[in-house]
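Structure at a glance
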Number of protein chains: 6
Amino acid sequence: MADTWLTSLKTATPQDGFELAIKLSRMGVKYTQPSAEARDRLRPQYAEDANALIASSQVVAINFQTIAAANNYWRGA
Amino acid sequence: MADTWLTSLKTATPQDGFELAIKLSRMGVKYTQPSAEARDRLRPQYAEDANALIASSQVVAINFQTIAAANNYWRGA
Amino acid sequence: MADTWLTSLKTATPQDGFELAIKLSRMGVKYTQPSAEARDRLRPQYAEDANALIASSQVVAINFQTIAAANNYWRGA
Amino acid sequence: MADTWLTSLKTATPQDGFELAIKLSRMGVKYTQPSAEARDRLRPQYAEDANALIASSQVVAINFQTIAAANNYWRGA
Amino acid sequence: MADTWLTSLKTATPQDGFELAIKLSRMGVKYTQPSAEARDRLRPQYAEDANALIASSQVVAINFQTIAAANNYWRGA
Amino acid sequence: MADTWLTSLKTATPQDGFELAIKLSRMGVKYTQPSAEARDRLRPQYAEDANALIASSQVVAINFQTIAAANNYWRGA
């Protein structure tokens, strides 16, 4: 993957950090399945499945741990 | 998602922190499935399924780790 | 949920901390499925299923990480 | 559960710590399913199932993280 | 596995760190299933399955936690 | 288990640490299913199953977090 998509874990606010966690979670999928077409085809499979949505939220939670630590929990904010 | 919904990880009490963890867990789902109607349709699928409830509790536990650390475990409380 | 059920992560002993981890794990379920009747109905589904029991133990383990850290691993005890 | 079974997270060696992690993992199951008879009945269900064994090893890994941190990774040993 | 494939957790950028996390995740699979042919045969099984892709992204997220900590979150970058 | 198999979490290199993480992951299985014969019988069940391989890689990732922390991320190396 030649594109630059992640240059820093710093974000201005916790919400920006949460949204970066979502991006990391999607990139984790994208590196395994690089075809946008294939990922779109799978979308109904997980967007309408409670277990897949909970699992997605778990990946976001793990990535958010990393980003929150990187931002020292936005304590100074 | 244009709305501001997360401006700080600080909470007054551990219980408030736990409830914020629940909010983060739900937002993780919402970013993946933004339709409130679709999420409501899935509710019976997970609310009556022990495995889905345990998985939900796990996501909350992971988010609570982050929030507890951010609050220095409410040690001064 | 109006009741106060969590005012501190401090416990006297590691075992008390483990039992608090169990409480947090159950509360994670309760916030998603507030009906005690529904939860009781699901009990046989997970109490007799090895995978569900292992998954439950995992949620407890994650919550115990948080509580152990909050208590500085009871090192002074 | 009236019995005292966990008074310290300290262990003499990493291996003792790993074995304590196994104990915590089993106790996490036991609090949810207190009947020894029921747990024995489930044993063949997970002891002959690769996914259940991998999941068990994961719970042990999470508990071992906690115990290793509590022992400062046995660095002085 | 005689080859040397991991000499440092240090990376120049967060993105390099994320890509190292992907490598670690694949090596975790490779140690369990060393046959490249077998792994290729399984590729369609997970590349077209939303749950497997989410699970893969979760492993990457866990390895990224380790690498991000090792790099002190690239705070000086 | 009377044998001594884990006396230190220290390793010379990150790769040695990753291989120790694999060992811990296997020992987590072995404590639950001590029969080598039974484990061998299960091998085809997980070595040819993408989900089981991903789950195995996840356990390794969690154990690698512990070992990497124990080695201070091999920063001095």
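Below is a short write-up of the structure. (Residues numbered from 1 in each chain as written. Chains lettered and ligands numbered in written order. Predicted model: local features only at pLDDT ≥ 70, side-chain atom pairs only at ≥ 80, totals over all residues. Heavy atoms only, no water.)

Moving on: the overall build of chain A. When you go through chain A residue by residue, the secondary structure sums to three helices and zero strands. Listing the helices and strands of chain A from first to last along the sequence gives α-α-α. Each of the three principal axes of chain A carries a C-alpha extent, and together these read 40 × 35 × 15 Å. Taking all 77 residues of chain A together, the buried fraction comes to 58%. Partitioning the intrachain contacts of chain A with sequence separation of at least 6 by distance along the chain shows that 64% fall at a separation of at least 24. If the 8 positive side-chain charges of chain A are averaged to one point and the 7 negative ones to another, these points end up 7 Å apart. (Helix = DSSP H or I, 4+ residues; strand = E, 2+ residues; numbered from the N terminus. Buried < 20%, exposed > 50% of the residue type's maximum accessible area, 1.4 Å probe, protein only. Contact = heavy atoms within 4.5 Å. Lys, Arg positive; Asp, Glu negative; His and termini not counted. Charge placed at Lys NZ, Arg CZ, Asp CG, Glu CD.)

Here chain A sits on chain E after a turn of 60° about the axis and a move of 0.0 Å along it, with an RMSD of 0.0 Å. Seen this way, the second copy is the image of the first under a six-fold rotation axis. Nearest to the rotation axis, the C-alpha of Ile62(A) is located 6.9 Å from it, this being the minimum over chain A. (Least-squares fit on C-alpha atoms with pLDDT ≥ 70 in both.)

The interface is formed by 35 residues belonging to chain A together with 26 residues belonging to chain E. When chain A packs against chain E, the two sides together hide about 2,500 Å² of surface, and 60% of this comes from carbon and sulfur. Taken together, the links from chain A to chain E amount to one salt bridge. The partner of Glu48(E) in a salt bridge is Arg41(A), and the shortest N-O contact between them spans 2.8 Å. Counting across the chain A and chain E interface gives 14 residue pairs in polar contact (both at pLDDT 80 or more). (Buried area = accessible area lost by both parts, 1.4 Å probe. Salt bridge = Lys/Arg side-chain N within 4 Å of Asp/Glu carboxyl O. Polar contact = N/O pair within 3.5 Å; in protein donor to acceptor, adjacent residues only side chain to side chain.)

Before going further, it helps to spend a moment on the interface of chain C and chain D. Taken together, the contact pairs 26 residues of chain C with 35 residues of chain D. Summing both sides of the interface, chain C and chain D together bury roughly 2,600 Å²; the carbon and sulfur share of this comes to 60%. Of all residues in chain C, Gln15(C), Phe18(C) and Ile54(C) bury the most surface against chain D, accounting for 22% of the area lost on that side. Remark: the boundary between chain C and chain D carries one salt bridge. Taken together, chain C and chain D are joined by 14 residue pairs in polar contact (both at pLDDT 80 or more).

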